[in-house]
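Coordinate inspection notes
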Amino acid sequence: MDTDTHVYDNCANPASYTPYTWSLGDKLRKTAKSELREDENLRNQSLAQMREWIAKSPHIKRCRTDALFLLRFLRTKKFSIPQSCAMLEKYLTVRQTNPAWFQRLDIEDPELEAIIDGGYIVPLPERDEHGRQVVLSVAGNLDLTRVSSSLLARAHILVQEVLADDEQSQICGYTQCIDERELSMKLMGLWSLVDIRKAADCIQNGLPSRINGFHLIGLPSTAATLLEFCVSLLSDKLRKRINLFRTVDDFANKMNRKILPKEYGGVVPMADMIAQFKERCRAKRAQLLAMDEMHIELSKAPGYCAESCRRDLEAGMIGSFRKLEVD
């Protein structure tokens, strides 16, 4: 497996890459093929094309080009090269234009660590029956005197980035479970309409992840208008993946209770799950901080990628892979 996850100047190094090695077993191989069109030939050609496109894109100055990073985008977009490149460009753009959300994803930052320690957002160690990574967020576990919308966004992005290189999650996707029973007007008031629009845009266009479901638990009637507005910003595909549950029991009956925290009918206390996740954060700390070095020239970024990528493909500029199918 390619373990070289550095950020490279001019995106043209290293001159050669560690060959990608599949290590996930036959079951996931079949899932990747049936759901994403992925096989060895398509994967290798797509990685080579995307790397060459990045290296020849004058507006992308510094970027990760390792397999795990690029596969985030390729798998999210089912190996469409133009769409994957467009999402990468969008990802670099939103990181750079929203530093308060995307920079300093450091578990040793006291404010960020307090959010994680408090149990506001935690990935569950065990996956659901479909192999998906489940992420639980609990509104009632926030100290609203110590948080802001940008700090909460940074906590969500920290979780996203820590999980993003996990290949099973890239293939099988994620389920977001949000306990809104203690959602207050004060918490809702932290988020401006601009923040909400920006978050919706990031989720749909800038963050490479296959979100298979949103489970909302105990949403107060006072939040109905806000929910309606948030849902209106999402694509039809994501809207259909939103499920509402009145109670924790309703939610737990839908899930495999064994994977849930003890506080939700499972076995493992949430505190233990938080401790496990913090270890994952520490293991990836250097990589996450190094990603702050990625840079895109914004004056050339908007709308540039999809058009230029298609033009380069048609002209045969990107390597010798013109026979590769793209959507």
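Residues numbered from 1 in each chain as written. Predicted model: local features only at pLDDT ≥ 70, side-chain atom pairs only at ≥ 80, totals over all residues. Heavy atoms only, no water.

1. Details of the layout of surface pockets
Counted as a void, the largest pocket has a volume near 400 Å³. Along its surface, the largest pocket is lined by 17 residues, and T76, S209, R210, K237 and R241 are the ones closest to its centre. Of all the elements, helix α10 (residues 193-206) adds the most residues to the lining of the largest pocket, at three residues. For the lining of the largest pocket, the per-class residue count stands at five nonpolar, seven polar and five charged. In this structure, the second largest pocket encloses a volume near 170 Å³. Around the second largest pocket, the lining residues are D128, E129, H130, R132, T175, N212, G213, H215, R241, N243, K254 and M255. Class assignment of the residues belonging to the lining of the second largest pocket gives a composition of one nonpolar, six polar and five charged. (1 Å grid on protein atoms, 1.4 Å probe; cavity = no way out; pocket = protein on both sides within 12 Å on 5 of 7 lines; lining within 4 Å. Points joined across faces, edges and corners; volume = space filled by probe spheres on them. Helix = DSSP H or I, 4+ residues; strand = E, 2+ residues; numbered from the N terminus. Nonpolar A, V, L, I, M, F, W, Y, C, P; charged D, E, K, R; others polar.)

2. A short note on the confidence of the model for the chain
The predicted coordinates should not be examined in detail at positions where pLDDT is low. Averaged over every residue, the pLDDT of the chain is 86; the share at 70 or more is 87%. Considering each helix and strand of the chain separately, the mean pLDDT is smallest for helix α16 (residues 304-315), with a value of 45, and largest for helix α14 (residues 270-283), with 98. This stretch, residues 304-327, has a pLDDT under 50; its non-local contacts, to residues over four places away or in other chains, come to 49 contacts. (pLDDT = per-residue confidence, 0-100. Contact = heavy atoms within 4.5 Å.)

3. Notes on the packing of aromatic side chains
Evaluated as defined, the whole model comprises five aromatic pairs. Considering the side-chain rings of F73 and Y91, the 5.5 Å spacing of their centres and the 70° angle between planes classify their relative orientation as edge-to-face. Highlighted residues: F73 in helix α3 (residues 67-76) and Y91 in helix α4 (residues 81-97), separated in sequence by 18 residues. Judged by relative accessible area, Y91 falls into the buried class, the value being 0%. Ring pairs connect the aromatic residues F69, F73 and Y91, which therefore count as one cluster. (Phe/Tyr/Trp six-rings, centres within 6.5 Å; stacked < 30°, edge-to-face > 60°. Buried < 20%, exposed > 50% of the residue type's maximum accessible area, 1.4 Å probe, protein only.)

4. Section: the packing of helix α2 (residues 40-55) against α4
α4 packs onto α2 with a crossing angle of 45° between their chain directions and a minimal axis gap of 11 Å. Taken together, the axes of α2 and α4 are oblique relative to one another. Considering the relative orientation of α2 and α4, their crossing is right-handed. On the side of α2, the interface is formed by S46, Q49, M50, W53 and I54, while α4 contributes I81, S84, C85 and L88. Classifying every residue of the contact of α2 with α4 gives six nonpolar, three polar and no charged. (Axes fitted to C-alpha atoms, helices over the stretch in contact; angles between N-to-C directions. Parallel < 35°, antiparallel > 145°, perpendicular 65-115°, else oblique. Left-handed = near helix turned anticlockwise from the far one by under 90°.)

5. So, the side chain of S57
With respect to the helices, strands and loops of the structure, S57 is situated in the loop between α2 and β2 (60-64). The class of S57 is buried, set by a relative accessible area of 4%. Within polar-contact distance, the side chain of S57 engages the backbone oxygen of W53 at 2.6 Å. (Polar contact = N/O pair within 3.5 Å; in protein donor to acceptor, adjacent residues only side chain to side chain.)

6. Quick notes on unusual backbone geometry
Not every positive phi belongs to a glycine, and K78 is a case in point at roughly 50°. Tracing the chain through its elements places K78 in the loop between α3 and α4.

7. Thoughts on the nonpolar core
The nonpolar side chains of a soluble globular protein tend to be buried, and buried together. Membership of the largest hydrophobic core comes to 81 residues, with the highest contact counts inside it found for F69, L88, Y91 and L158. No other element matches helix α7 (residues 149-163), which puts nine residues into this core. Not counting residues up to four positions away in its chain, the partners in contact with F69 are C63, R64, L88, Y91, D165, M291 and M294. Membership of the second largest hydrophobic core comes to nine residues, among which are I196, F214, L216 and L238. (Core = buried A, V, L, I, M, F, W, Y, C linked by side-chain atoms within 4.5 Å.)

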